[in-house]
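Results of the structural survey
What follows is each chain in one-letter form.
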Amino acid sequence: MDKIHVIILVENNYEDLEVWYPKLRLIEAGYEVKVAGTGEKTYASKHGYPCATDGKIEDFRAGDFDIVVVPGGWAPDRLRRFPAVLGFVREAAQKNKIIASICHAGWVLISADVVRGRKMTSVPAIKDDMKNAGAIWLDQPVVVDDNFVSAQVPKDLPEFCRHIIKLVELRYGVEAEVSSKA
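Throughout, residues of each chain are indexed from 1 in the direction in which the sequence is written. At least 70 in pLDDT is required for a residue's local features to be given in this predicted model, at least 80 for side-chain atom pairs to be given and counted, and no such filter applies to totals for whole chains, interfaces and linings, which use all residues. Working from all heavy atoms in the structure, the side-chain values ignore hydrogens and water.

1. Focus: helix α1 (residues 16-28)
Helix and strand assignments come from DSSP, with helices taken as H or I runs of at least 4 residues and strands as E runs of at least 2, each series counted from the N terminus. One less than the number of residues in a helix, times 1.5 Å, gives the span that helix is expected to have. The terminal C-alpha atoms of α1, which comprises 13 residues, lie 18 Å apart, in line with the 18 Å expected from a rise of 1.5 Å per residue. All buried positions along α1 are accounted for by Asp 16, Glu 18, Val 19, Pro 22, Lys 23, Arg 25 and Leu 26. Positive phi shows up at Gly 30, right after α1, with a value of about 100°. Between buried and exposed lies partly exposed: a residue is buried under 20% and exposed over 50% of the maximum accessible area for its type, with that area taken using a 1.4 Å probe on protein chains only.

Structure follows, in C-alpha cells:
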C-alpha cells in the first residue's frame with residue numbers, strides 16, 4: 001500500500017479541535033487527508049473558524065479511503081440529514097474501512113445504522129442514543145472495536161489519534177512517518 005487515504009466529514013458548527021487535531025496529526029503521520037462536506041466549499045466551526053473542503057461527499061467513493069473520520073460538535077446533527085453521507089459511512093463500514101468518531105459523531109453512525117452490536121463510546125450526552133441504536137456503550141475515553149475507533153471529548157484526541165494510527169499499522173502494515181507516541 002502506497003499511502004493511507006483519509007476522509008474527514010465536516011458541516012457547520014463542527015468542534016474545532018475534533019476536525020483540526022486529527023487532520024494535522026494524520027497528515028503528520030504521512031497520510032493523505034481530504035475533507036468532504038455536504039455542499040458548501042467552506043464550513044464554520046462552533047467558534048467561527050473556517051474549514052475548506054476538497055469537495056462534496058458525492059465527489060468521493062468510500063472504497064478509495066482507508067479511514068473515515070467523523071468529528072463532533074453540532075455538525076453530526078447536520079451531517080446525518082444527508083443520505084449521501086449516511087450511504088458513504090455505511091459503505092465504508094461494509095468494506096471494513098476504519099471508522100473513527102468522536103463526541104456527537106455517533107449520531108452519524110447511528111443514522112447510518114452501523115453501531116448495532118459494536119462496543120463504542122461517545123460524549124455521554126448521547127449514550128442513550130447509542131444504546132438505543134444497539135451499541136454497547138462504554139464510559140471510556142477511547143474504545144476500539146475491530147475497525148471502529150470512538151472517543152468521548154476533545155481531551156481524548158491524543159489517545160484517539162494514537163489508536164487510529166496503531167490500527168493502520170496493524171491492518172495495513174504502514175507505519176506512521178512520525179512516532180505515534182507524540
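Anyway, onward from the coordinates.
2. What to know about the sheet that holds strand β10 (residues 142-145)
For two strands to be treated as a pair, DSSP must find at least two bridges joining them. If you trace the seven strands from one edge of the open sheet to the other, you get β5-β2-β1-β6-β7-β11-β10, paired in mixed fashion. With partners counted over all chains shown, the strands left at the sheet margins are β5 (55-56) and β10, one partner each. As defined by bridge partners, β10 adjoins strand β11 (residues 148-151) across four bridges and the pair is classed as antiparallel. For Val 142, the partnering residue across the bridge sits in β11 and is Ala 151. The strands that α1 touches are β1 (5-9), β2 (32-37), β6 (67-70) and β7 (98-102); relative to β2, the one it contacts most, it runs at about 155°. We call two residues in contact whenever any of their non-hydrogen atoms come within 4.5 Å of each other. In this analysis an axis means a line fitted to C-alpha atoms, helices contributing only their contacting stretch, and an angle means the value between N-to-C directions, from 0 to 180 degrees.

3. Details of the pairing of β7
Burial runs high along β7: five of the five residues are buried. Of the two faces of β7, both are covered, the one formed by Ile 98, Ala 100 and Ile 102 as well as the one formed by Ile 99 and Ser 101. Here β7 runs beside β11; their pairing, made up of four bridges, is parallel. Residue pairing across strands places Ile 99 opposite Phe 148, the latter belonging to β11.

4. Thoughts on the pattern of salt bridges
Criterion for a salt bridge: a side-chain nitrogen of Lys or Arg within 4 Å of a carboxyl oxygen of Asp or Glu. Across all of its chains, the model carries eight salt bridges by this definition. The salt bridge involving Arg 25 is made with Glu 28; its shortest N-O contact spans 2.9 Å. A residue pair is termed a helical-turn pair when its members lie 3 or 4 positions apart in one helix, as Arg 25 and Glu 28 do in helix α1 at three residues. Glu 28 gets classed as partly exposed once you look at its relative accessible area, which sits at 37%. One salt bridge connects Asp 77 with Arg 81, and the closest N-O pair in it is separated by 2.9 Å. Residues joined in a network through salt bridges with shared partners are Asp 77, Arg 80 and Arg 81.

5. Considerations on the environment of Asp 77
Here Asp 77 is to be found in helix α2 (residues 75-79). Taking the C-alpha atoms as reference points, Asp 77 and Asn 13, separated by 64 residues in sequence, lie 9.5 Å from one another.

6. Some words on the packing of aromatic side chains
Here the aromatic set is Phe, Tyr and Trp, taking the six-membered ring for Trp, and pairing holds for ring centres within 6.5 Å; pairs whose planes are under 30 degrees apart are stacked, those over 60 apart are edge-to-face, and all others are tilted. Summed over the entire model, instances satisfying the criterion amount to four aromatic pairs. Taken together, a centroid distance of 5.8 Å and an interplanar angle of 75° make the contact between Phe 60 and Phe 65 edge-to-face. Each of the two residues, Phe 60 as well as Phe 65, counts as buried. Three or more aromatic residues joined by ring pairs make a cluster, and in this case those are Phe 60, Phe 65 and Phe 88. Throughout this description, the term charge over a ring refers to an Arg CZ or Lys NZ atom that lies within 6 Å of the ring centre and within 35 degrees of the ring normal. The positively charged end of Arg 80 is found above the aromatic ring belonging to Trp 107, 4.6 Å away from the centroid.

7. With respect to the environment of Val 10
Tracing the sequence through the fold places Val 10 in the loop between β1 and α1. Distance from Val 10 to Tyr 43, taken between C-alpha atoms, is 7.2 Å for residues 33 residues apart in sequence. Beyond its immediate sequence surroundings of up to four residues, Val 10 is in contact with Val 19, Val 35, Ala 36, Gly 37, Thr 38, Tyr 43, Cys 51, Thr 53 and Leu 79.

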